[in-house]
Amino acid sequence: MTENGTTTNILISGVGGQGVLLASYVLGQAAMKEGYEVKQSEVHGMSQRGGSVVSHLRFGERLASPIVTQGTADFLLSFEPLEALRFFNWLRPGALLIYNTLRVNPSTVAAGLATYPDDIHGRIAETWPNSRGIDATLLAEEAGTAKATNIVMLGSIAAELPFPLETWRDIISRVVPPKTVETNMKAFELGRAAAR
Amino acid sequence: MKDILSGNEAMARGAWEAGVRFAAAYPGTPSTEILENIRNYEDIESQWSPNEKVATEVALGASIAGARSLAVMKHVGVNVAADPLFTASYTGVNGGFVMITADDPAMHSSQNEQDNRNYARFAKVPLLEPSDSQEAKDMLKLAFELSEEFDTPVLFRTTTRISHSKTMVELGERPALEPLTVLEKDVPKYTMLPGFAKLKHPKVEQRILDLAQRAETLDVNRIEMGDPSVGIVTSGVVYQYAREAFPGASFLKLGMTYPLPQAMIEEFRSKVEHLYVVEELDPFLEDIIRLMGVKVDGGKDVFPITGELDPGSVARLLTAAGAPGADADLLAEPGPGVEGLPMRPPTLCPGCSHRGVFTVLSRLKVFVSGDIGCYTLGAMAPFGAMHACVCMGASIGMAHGISKVTDAQGQIKNQSVAVIGDSTFFHSGITGLMDTVWNQGASTTIILDNRTTAMTGGQENPGTGKALSGQPAAEVDIPKLVEALGVKRIAYMDPYDLTETEEVIKRELAVPEPSVIIAQAPCVLQFKIMNDPWTVDSELCTGCKRCLRVGCIALSLLEGEGEEDTLVEIDPVQCNGCGVCAQMCRFDAILPPVPVEA
Ligand SMILES: Cc1ncc(C[n+]2csc(CCOP(=O)(O)OP(=O)(O)O)c2C)c(N)n1
Ligand code: SF4
Ligand code: SF4
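**Here's the deal with the packing of helix 10 (residues 236–245) of chain B against helix 13 (residues 311–320) of chain B**
Packed helices, taken two at a time, are described by the angle their axes make and the gap between the axes.
Residue and element names in this part refer to chain B.
Next up, step 1: Contact geometry of helix 10 with helix 13 gives a least axis separation of 8 Å together with a crossing angle of 60 degrees. Comparing their axes, helix 13 and helix 10 come out oblique. The crossing of helix 10 and helix 13 is right-handed. For the pair helix 10 and helix 13, the contacting residues are Tyr241, Ala242, Glu244 and Ala245 in the first and Pro311, Val314 and Ala315 in the second.
Next up, step 2: For the contact of helix 10 with helix 13, the per-class residue count stands at 6 nonpolar, no polar and 1 charged.

In structure tokens form, the structure reads like this:
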């Protein structure tokens, strides 16, 4: 939170196709439902084809900019370890990083043109001690489908945010296929428990 | 009712609330979702056009017929549409006519960073710039009112951060509209022969002066006084950044950024100690303000002329220029950045039909005169098989120009081949091919007909047999069209078959006359085509990495202890079973899926 304690800045990062934009949509709607002013910004376009994706989400009593400035994010929610490291300069002192531990190779690595950082979990923990890695994809599979990985990630940050469970359930059931609401809520709960 | 809308959703809503009857566009990031949202409003007649010039012309026609009408495009689209825009400035309108230009500072997904505010001044039309979604919706209504009141097209500029940011919006309703039943004819107004145009030009000049007067009283232009020691003149999303960065400062917030309200600017100048103009890209406001004789204490000497700003950069740069009062939070040191990370650029999807063509082009070492679409990714590693790419449709003309002045001496690698997608061919490639044929060219054009406009998210185009909302439509027959242009050699190839692809390209390059090769295979993402994954036989794989030259994200290298343990692996979740990598393998180590017995 900023000095006056009224604004929360969240950066959500990942790889095109992982559901970063849906997760930030749910977060934004939840914040709106709780009566906050919300601003969110993302860049799509070429990001669909497996590139890095980042979404900025801000909520509070009154805010102007839709984008988060480097050094001022209260939370970094990352769907992939390398995409967590890439956005470290957005973190403010004391910020919390939650990330999915499942590695997704960038094309440069897949083509043998670059190497994925060694011991990435160690490196994250060393550079940013206030971080929690969770195996969100495994938890999503446990809930019933790997597709719910982004909902596990939402669950993982839920404990840190001032939104009641009913609000989450309400918004999540609006964005997932009707038959999968319970699976997704289970994924949400698993994420919540894992990040504690 | 309130909702969180992106700027693009808000503009669509604004069009509906403004009583727009007609909207046309050509897709282009960050503008695409405006029309994609408009199509959900059934009382707006909407369509994709083959390009932005046509979109502008049909929208202008609808305006002449009395409808409020809208043409939507990305910034470079206005270059294509500039011809009708500049003379529509002379004809004026009947129903309000607004052109939305979606600019892309920082080039998130564009080939240049042009600042289209300059078009307003050049074409002598008013310019509006919203600074969030609420304004995007409300100011679009104002744009139509101004268009009708001043008999002028209006340019409405959004940027990526407005179009793709979501902020809260209070929704309104649409007025009831009467059907349009009378088509009025007015020769001197709409027929721009020199004689009539000469009468119009002075009116256009007077119109801008009148609009400048109106700018003084429009409530989208306003002075917000705070600390008088810092005065900031700004517009668009930059207003939000500056508000965040200097919460206590004084602001002149401009919603109409051309023409500018001189008296209001002078008044603001007289109330503040230091005046700063904060804007992205060109010194558009700054230059005009300085020309008014108003003293500016900081503009492009403080802020960069390239890229985007953000609250942090505004706080830092203005503080360095001596302005007090920045939000301390924004001046804090950023977190520990991590250098040297591998990039994660976008890539062709697993199974993409463009992959085989670029694998072969890379091997042939020809000069690939490229174009814009997903296939532009053929320029990236590991292909490196696109050697020029300038604007939509340019590939064919450039290849023709290259072949006119070079002597290939029978060598394939000294030749140039044009590569263009279907949507881009319809957009502006046809005339290039016409030129090649007409002027006895000899270049080869490969049309990658994947039956969609994939790069921008899979829109219909004139060749797909469907229109904007998927309704059946006439389908352009590419071979017949090409034949009608005078092309005698038309070849086909299966882009998933590397041997055939190589043979056909080599054969056509060897012939000294224009030829067209059509690679027809649908986009796997758009058409949701899923094939079972291929697998690597670890006994046979030698780790030679030859297959990695197809640049597929489903392939990866498993580094073993020693040389001989290094293997390639296929991720079964990502692989889309196209078999292109297998054709690269000299050891038959990549195997097709085993059909499951029924
Ligand atoms: C003048 C202009 N308008 C729009 C765009 C945005 N744009 C870039 S590529 C593209 C379409 C590409 O479609 P196609 O040629 O069929 O290739 P695909 O992506 O399907 O491979 C569009 C609309 C642009 N760059 N320039
Ligand atoms: S979206 Fe279609 S054309 Fe674009 S990379 Fe993917 S498969 Fe290829
Ligand atoms: S078959 Fe090979 S090239 Fe095709 S999608 Fe699978 S891994 Fe990629």
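**Considering the domain arrangement of chain B**
Residues and elements named next belong to chain B.
Next up, step 1: Domain annotation of chain B identifies domain 1 (2–215), domain 2 (222–327), domain 3 (354–520) and domain 4 (535–591).
Next up, step 2: Between domain 1 and domain 3, the residue contacts involve 16 residues of the former and 15 residues of the latter.
Next up, step 3: With both chains or domains summed, domain 1 and domain 3 bury close to 1100 Å², and 60% of this area falls on carbon and sulfur atoms.
Next up, step 4: Counting the surface domain 1 buries against domain 3, the share from its top three residues, Tyr26, Trp48 and Gln111, is 41%.
Next up, step 5: Scanning the region where domain 1 abuts domain 3 turns up 0 salt bridges.
Next up, step 6: At the boundary of domain 1 with domain 3, the tally comes to 5 residue pairs in polar contact (both at pLDDT 80 or more).
Next up, step 7: Counting residues per element, the ones that place at least two in the side of domain 1 that touches domain 3 are helix 2 (32–38) and strand 3 (45–48).
Next up, step 8: Residue classes in the side of domain 1 that touches domain 3 are distributed as 6 nonpolar, 7 polar and 3 charged.

**Re the interface of chain A and chain B**
Next up, step 1: At the interface, 59 residues of chain A touch 56 residues of chain B.
Next up, step 2: Summed over the shared surface of chain A and chain B, the number is 4 salt bridges.
Next up, step 3: One salt bridge connects B:Asp329 with A:Arg92, and the closest N-O pair in it is separated by 2.7 Å.
Next up, step 4: Inspection of the chain A/chain B interface yields 15 residue pairs in polar contact (both at pLDDT 80 or more).
Next up, step 5: Of all the secondary-structure elements, those providing two or more residues to the side of chain A that touches chain B are helix 1 (20–33), strand 2 (37–42), strand 3 (52–60), helix 2 (81–85), strand 5 (91–100), helix 3 (107–110) and helix 4 (120–127) of chain A.
Next up, step 6: At 6 residues, strand 2 of chain A tops the list of elements feeding residues into the side of chain A that touches chain B.
Next up, step 7: Taken together, the residues of the side of chain A that touches chain B sort by class into 25 nonpolar, 23 polar and 11 charged.
Next up, step 8: As defined by bridge partners, strand 2 of chain A adjoins strand 8 (residues 165–170) of chain B across 2 bridges and the pair is classed as antiparallel. Across the sheet, residue A:Ser41 finds its bridge partner in strand 8 of chain B, namely B:Ser165.

**Some thoughts on helix 16 (residues 394–405) of chain B**
Residue and element names in this part refer to chain B.
Next up, step 1: When the terminal C-alpha atoms of helix 16 are compared, their 17 Å separation across 12 residues agrees well with the 16 Å that a helix rising 1.5 Å per residue should span.
Next up, step 2: Taken residue by residue, helix 16 has Ala394, Ser395, Ile396, Ala399 and His400 as its buried positions.
Next up, step 3: On the buried face of helix 16, the contacting elements are strand 14 (367–369), strand 15 (416–421), helix 17 (422–438) and strand 16 (444–449).

**Things to note about the side chain of B:Lys74**
All names here are of chain B.
Next up, step 1: Here Lys74 is to be found in strand 4 (residues 69–74).
Next up, step 2: Here Lys74 occupies a buried position and makes no salt bridge, while the nearest side chain of opposite charge, Asp104, is found at 4.9 Å.
Next up, step 3: Of the polar contacts made by the side chain of Lys74, one reaches the backbone oxygen of Ser109; its length is 2.9 Å.
Next up, step 4: Among residues more than four places away in sequence, those in contact with Lys74 are Gly28, Thr29, Ser31, Ala102, Ser109 and Ser110.

**Looking at the site of ligand 3**
Next up, step 1: All residues adjacent to ligand 3 are B:Pro350, B:Gly351, B:Cys552, B:Ala554, B:Leu555, B:Cys575, B:Asn576, B:Gly577, B:Cys578, B:Gly579 and B:Cys581.
Next up, step 2: Its residues assigned to classes, the shell around ligand 3 shows 7 nonpolar, 4 polar and no charged.

**Here's the deal with the packing of aromatic side chains**
The relation between two aromatic rings is expressed through the spacing of the ring centres and the mutual angle of the planes.
Next up, step 1: Under the criterion given, the structure shown has 14 aromatic pairs over all chains.
Next up, step 2: Pairing B:Phe358 with B:Phe383 gives two aromatic rings, centres 6.3 Å apart and planes at 50 degrees, and the pair type is tilted. Remark: B:Phe383 occurs in the loop between strand 14 and helix 16 and B:Phe358 occurs in helix 15 (residues 354–364); sequence separation between them is 25 residues.
Next up, step 3: By the ring-pair criterion, three or more aromatic residues cluster together here, those being A:Tyr36, A:Phe59, A:Phe163, A:Trp168 and A:Phe188.
Next up, step 4: Positioned over the ring face of A:Tyr116 is A:Arg103, at 4.1 Å from the centre of the ring.

About the criteria used
Sequence order sets the numbering: in each chain, residues are counted from 1 along the sequence as written. Chains and ligands are labelled sequentially in the order written, the chains with letters from A and the ligands with numbers from 1. In keeping with the predicted nature of the model, local features appear solely for residues at pLDDT of at least 70, side-chain atom pairs appear and are counted solely at 80 or more, and the whole-chain, interface and lining totals rest on all residues. To get the side-chain values, all heavy atoms of the structure are used, and hydrogens and water are removed first. Each axis is a line fitted through C-alpha atoms, taken for helices only over the stretch in contact, and angles between the N-to-C directions span 0 to 180 degrees. Think of it this way: any DSSP run of H or I at least four residues long counts as a helix, any run of E at least two long counts as a strand, and we number them from the N terminus. Throughout, the term roughly parallel applies to angles under 35 degrees, roughly antiparallel to angles over 145, roughly perpendicular to angles from 65 to 115, and oblique to all others. Handedness of a crossing is defined here by the sense of rotation of the near helix relative to the far one, left-handed for an anticlockwise turn of less than a right angle and right-handed for a clockwise turn. Residue contacts are counted whenever heavy atoms from the two residues lie within 4.5 Å of one another. We call Asp, Glu, Lys and Arg charged. Ala, Val, Leu, Ile, Met, Phe, Trp, Tyr, Cys and Pro are nonpolar, and the rest, Gly among them, are polar. The domain limits used here are those given by an automatic or database domain assignment. Reported buried area values correspond to the accessible surface (1.4 Å probe) lost by two parts on association, with both partners' losses combined. Take a side-chain nitrogen of Lys or Arg and a carboxyl oxygen of Asp or Glu: if they are within 4 Å of each other, that pair is a salt bridge. Any pair of N or O atoms that falls within 3.5 Å is considered a polar contact. Within protein, one atom must be able to donate a hydrogen and the other to accept it, and sequence-neighbouring residues count only if both atoms are side-chain atoms. Pairing between two strands is assigned when DSSP locates at least 2 bridges connecting them. Here, expected helix span is obtained from the residue count minus one, scaled by 1.5 Å. Under the scheme applied here, a residue whose accessible area is under 20% of the maximum for its type counts as buried, over 50% as exposed, and between as partly exposed, the area being computed with a 1.4 Å probe on protein chains only. In this tally, Lys and Arg are treated as positive and Asp and Glu as negative; His is ignored, and so are the chain termini. Neighbouring residues are identified by heavy atoms, a residue being near a molecule or strand if any of them is within 4 Å of it. When two rings of Phe, Tyr or Trp (its six-membered ring) have centres within 6.5 Å they constitute a pair, described as stacked for plane angles under 30 degrees, edge-to-face for angles over 60, and tilted for the intermediate range. Two limits define a charge over a ring: the Lys NZ or Arg CZ must be within 6 Å of the ring centre, and within 35 degrees of the ring normal.

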